[in-house]
Amino acid sequence: MIFMASKTPTPAPVAPRTRPKEADDGGDVVLERRTQKTKPPQMYQVVMLNDDYTPMEFVVVVIQEFFNKDRETATQIMLKIHLDGKAICGVYSRDVAATKVDQVQEAARQAGHPLQCVSEPVE
Ligand code: TYC
C-alpha cells in the first residue's frame with residue numbers, strides 16, 4: 001500500500017488563555033506580616049570582682065588592655081569594683097566574653113595576683 005502525505009490541514013496555534021486584563025491597581029504590594037522567628041543572640045557581661053590584694057594599677061592596666069577602655073574610664077571602673085565589690089567591664093557575644101575572662105585570668109596568674117572575673121548572661 002502507498003501512503004500519501006496527509007492533506008489534513010495543521011490546526012492553527014491556539015493563543016494561551018489569559019485572564020482578562022484588570023484595571024491597574026497602582027502596583028501596591030502588601031507583604032504578609034509575620035512574627036519574627038530569630039531572636040538576637042544572648043549577650044554576656046564580663047564582671048570583674050574585687051579582692052584585697054591585686055594592686056589598683058594592675059587592674060586599671062588590665063581593663064585598658066583587654067576591654068579597650070581609656071585610662072580614665074578604666075580607673076573609674078576599677079574604683080567601682082573596689083567600692084562595690086564588682087563592676088561590668090564590657091558586654092560581648094558568649095565566645096568573646098569567655099576569651100576576655102581567660103585573658104584576664106592568665107594575666108593575673110602570670111603576675112601572681114588573685115584577680116578574678118566572670119562572664120554572665122545579660123538579663
Ligand atoms: N581592692 C584592691 C586594693 O585595694 C584593688 C582592686 C580593685 C582589686 C579592683 C581587684 O577587681 C579589683 N588593692
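Data block above holds the structure.
Everything quoted here is computed from the prediction, not taken from an experiment.

Visitor: When you look at the overall build of the protein chain in this model, what are you seeing that I'm missing?
Guide: Scanning the protein chain for helices and strands turns up three helices and three strands. If you list the helices and strands of the protein chain from N to C, you get β-α-α-β-α-β. Counting across all 123 residues of the protein chain, residues that qualify as buried make up 24%. On the protein chain, roughly 10400 Å² of surface is accessible, and the fraction owed to carbon and sulfur atoms is 55%.

Visitor: Please explain the packing of helix α1 (residues 56-67) against helix α3 (residues 94-111) as it appears in this structure.
Guide: Packed helix pairs are characterised by how far apart their axes lie and by the angle those axes make with each other. At a minimum axis distance of 11 Å, the contact between α1 and α3 shows a crossing angle of 145°. Here the hand of the crossing between α1 and α3 comes out right-handed. Of the residues in α3, those in contact with F58, V62, F66 and F67 of α1 are K100, Q103, V104, A107, A108 and A111. Residues that form the contact of α1 with α3 fall into these classes: eight nonpolar, one polar and one charged.

Visitor: Hey, could you run me through the site of the ligand in this one?
Guide: Around the ligand, the neighbouring residues are M48, L49, N50, D51, T54, M56, V59, M78, I81, H82 and L115. In this structure, a nitrogen atom belonging to the ligand sits 2.7 Å away from a main-chain N or O atom of D51. Within the side chain of H82, an N or O atom sits 2.9 Å from a nitrogen atom of the ligand. Contact with the protein chains removes 89% of the 350 Å² of surface that the ligand exposes when unbound. Of all the elements in the fold, those that place two or more residues in the shell around the ligand are β1 (44-49), α1 and α2 (71-84).

Visitor: Where do I start with the side chain of K100 in this structure?
Guide: Tracing the backbone through its elements, the reader meets K100 in helix α3. The buried charged residue K100 lacks any salt bridge partner; its closest oppositely charged side chain belongs to E65, at an N-O distance of 10 Å. Ignoring any residue separated from it by four or fewer positions in sequence, one finds K100 in contact with V46, F66, F67, N68 and Y92.

Visitor: Mind showing me how you'd approach the side chain of T54 here?
Guide: Mapped onto the fold, T54 is located in the loop between β1 and α1. Of note is the side chain of T54, whose polar atom sits 3.3 Å from the backbone nitrogen of L115. Apart from the residues lying within four places of it in its own chain, the contact partners of T54 are V59, H113, P114 and L115.

Rules used in this analysis
Residue numbering note: each chain is counted from 1, following its sequence as written. Predicted model: local features are reported for residues with pLDDT of at least 70 only, side-chain atom pairs are reported and counted for 80 or more only, and whole-chain, interface and lining totals are derived from all residues. Processing note: side-chain calculations cover all non-hydrogen atoms of the structure and skip hydrogens and water entirely. Helix and strand assignments come from DSSP, with helices taken as H or I runs of at least 4 residues and strands as E runs of at least 2, each series counted from the N terminus. Relative accessibility decides the category of a residue: with a 1.4 Å probe and only protein chains considered, values under 20% of the type maximum give buried, values over 50% give exposed, and everything between is partly exposed. Surface exposure here means Shrake-Rupley accessible area, sampled with a 1.4 Å probe, where a residue is shielded only by the protein chains that are shown. Geometry is summarised by axes, namely lines fitted to C-alpha atoms with helices restricted to the contacting stretch, and by angles between N-to-C directions that run from 0 to 180 degrees. The crossing is said to be left-handed when, going from far helix to near helix, the turn is anticlockwise and less than a right angle, and right-handed when the turn is clockwise. In what follows, a contact means two residues having at least one pair of non-hydrogen atoms within 4.5 Å. Three categories are distinguished: nonpolar for Ala, Val, Leu, Ile, Met, Phe, Trp, Tyr, Cys and Pro, charged for Asp, Glu, Lys and Arg, and polar for the others, with Gly belonging to the last. Residues are labelled near a given molecule or strand when at least one of their non-hydrogen atoms is within 4 Å of it. Side-chain atoms alone can form a polar contact between residues adjacent in sequence; in general such a contact is a pair of N or O atoms within 3.5 Å, and within protein one must be able to donate a hydrogen while the other accepts it. Under this rule, positive means Lys or Arg and negative means Asp or Glu; His and the chain ends count for nothing. One side-chain nitrogen of Lys or Arg within 4 Å of one carboxyl oxygen of Asp or Glu is enough to make a salt bridge.

Spatial relationships are all this shows, so hold off on functional conclusions.
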